[in-house]
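# Coordinate inspection notes
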Amino acid sequence: MFKNVSFVILLLKMSLIFGQEPATQKIIIIDVGHGGMDSGAIGINGIQEKDVVLDIALKILRLNEQAEKTLDIYLTRYSDTLISLFDRTKLAKALKADLFISLHCNHSDNPNARGIEVYASRVQGDYSRESVVIGYQTEKILCKRVGYDSRGVKFANFQVLREMNHYCASMLLELGFLSNIDEASYISDSDNIQHIALAILLSIQNQ
Ligand SMILES: [Zn+2]
């Protein structure tokens, strides 16, 4: 858990001042899952996946701005709209992104299922190895800082990852189970959204 978010932001700024940042900013695409008529998973407490991931993504943008934009971050959607899977990856290709991260939340019929899953593409591509390494690092940072259980790095044939795999490193994050009462309650709190957003931002900066 972050005891003091402003302290972490100060650290981010200091790393900029002391010249630890690369000369050119990394371009990051955050793919905000679902949207519009596609709500994604519905939480046990009524929250909708499309809203949760948008809140997290917008918070990442704000934190990055507060840290004097150490990264060049773009979202695939900034509001409650539905975007095709094709257009999500098209943006990343057009901007020549360095990293593509798709944000989702999990759901299970088992109410006890919990924890974070990170996915890399099962289909091999030029960036498979890099994606897996970044996936493991991100999962470690997220679980440590947010306090969620780790369900490991997994491989799946998700379209967005399969397409990105030839252009840049990519991963899909399942940020806890909305079907689990503890995790659904946790992620419904705006302070906790900030914790998760900061953990993701830190893990991206660590790459
Ligand atoms: Zn989803």
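In what follows, the structure referred to is the one given above.
A few points on the structure. (Residues numbered from 1 in each chain as written. Predicted model: local features only at pLDDT ≥ 70, side-chain atom pairs only at ≥ 80, totals over all residues. Heavy atoms only, no water.)

## Some words on the coordination of the zinc ion
Ideal geometry at a metal centre: 109.5 degrees between donors when four sit tetrahedrally, and 90 or 180 degrees when six sit octahedrally. At 2.0 to 2.2 Å from the zinc ion lie its protein donor atoms, namely His34 (NE2), Glu49 (OE) and His104 (ND1). Look at where the donors of the zinc ion fall in the sequence and you get H-x14-E-x54-H. With His34 in the loop between β1 (27–32) and α2 (49–66) and Glu49 in helix α2, the pair connects residues that are 15 residues apart, well separated along the chain. Under the relative-accessibility criterion, His34 is labelled buried at 17%. Overall, Glu49 belongs to the buried group, its relative accessible area being 3%. (Donors = N, O, S within 2.8 Å, 3.2 Å for Na, K, Ca; no water. Helix = DSSP H or I, 4+ residues; strand = E, 2+ residues; numbered from the N terminus. Buried < 20%, exposed > 50% of the residue type's maximum accessible area, 1.4 Å probe, protein only.)

## Structural notes on the pairing of strand β4 (residues 116–121)
Of all six residues in β4, six are buried, a share of seventy percent or more. Of the two faces of β4, the one carrying Ile116, Val118 and Ala120 and the one carrying Glu117, Tyr119 and Ser121 are both buried. Sheet analysis places β4 next to strand β5 (residues 150–156), joined by five bridges and oriented parallel. From the neighbouring strand, Ala120 faces β5, where its bridge partner is Phe155. Where the polypeptide runs from β4 across helix α4 (residues 128–146) and back to β5, its parallel neighbour, the crossover connection is right-handed. Direction of pairing for β4 relative to strand β6 (residues 169–177): antiparallel, over a ladder of four bridges. Residue Tyr119 lies in a different strand from β6, and its bridge partner there is Leu172. (Pairing = 2+ DSSP bridges. Right-handed = clockwise from strand over helix to strand, strands pointing away.)

## Here we look at the sheet that holds β6
Neighbouring strands of a sheet are bound in pairs by backbone hydrogen bonds; such pairs are parallel or else antiparallel. Spatial strand order, β2-β1-β3-β6-β4-β5: six strands in an open sheet with mixed pairing. A strand with exactly one partner marks an edge of an open sheet, and here the two such strands are β2 (72–75) and β5. The average angle at which neighbouring strand axes cross in this sheet is 25°, direction not considered. Each of β1, β2 and β3 (99–106) touches helix α3 (residues 85–94); the most contacted strand, β1, lies at about 175° to it. Of the strands in this sheet, β3, β4, β5 and β6 touch α4, which is tilted by about 30° from β6. (Axes fitted to C-alpha atoms, helices over the stretch in contact; angles between N-to-C directions. Contact = heavy atoms within 4.5 Å.)

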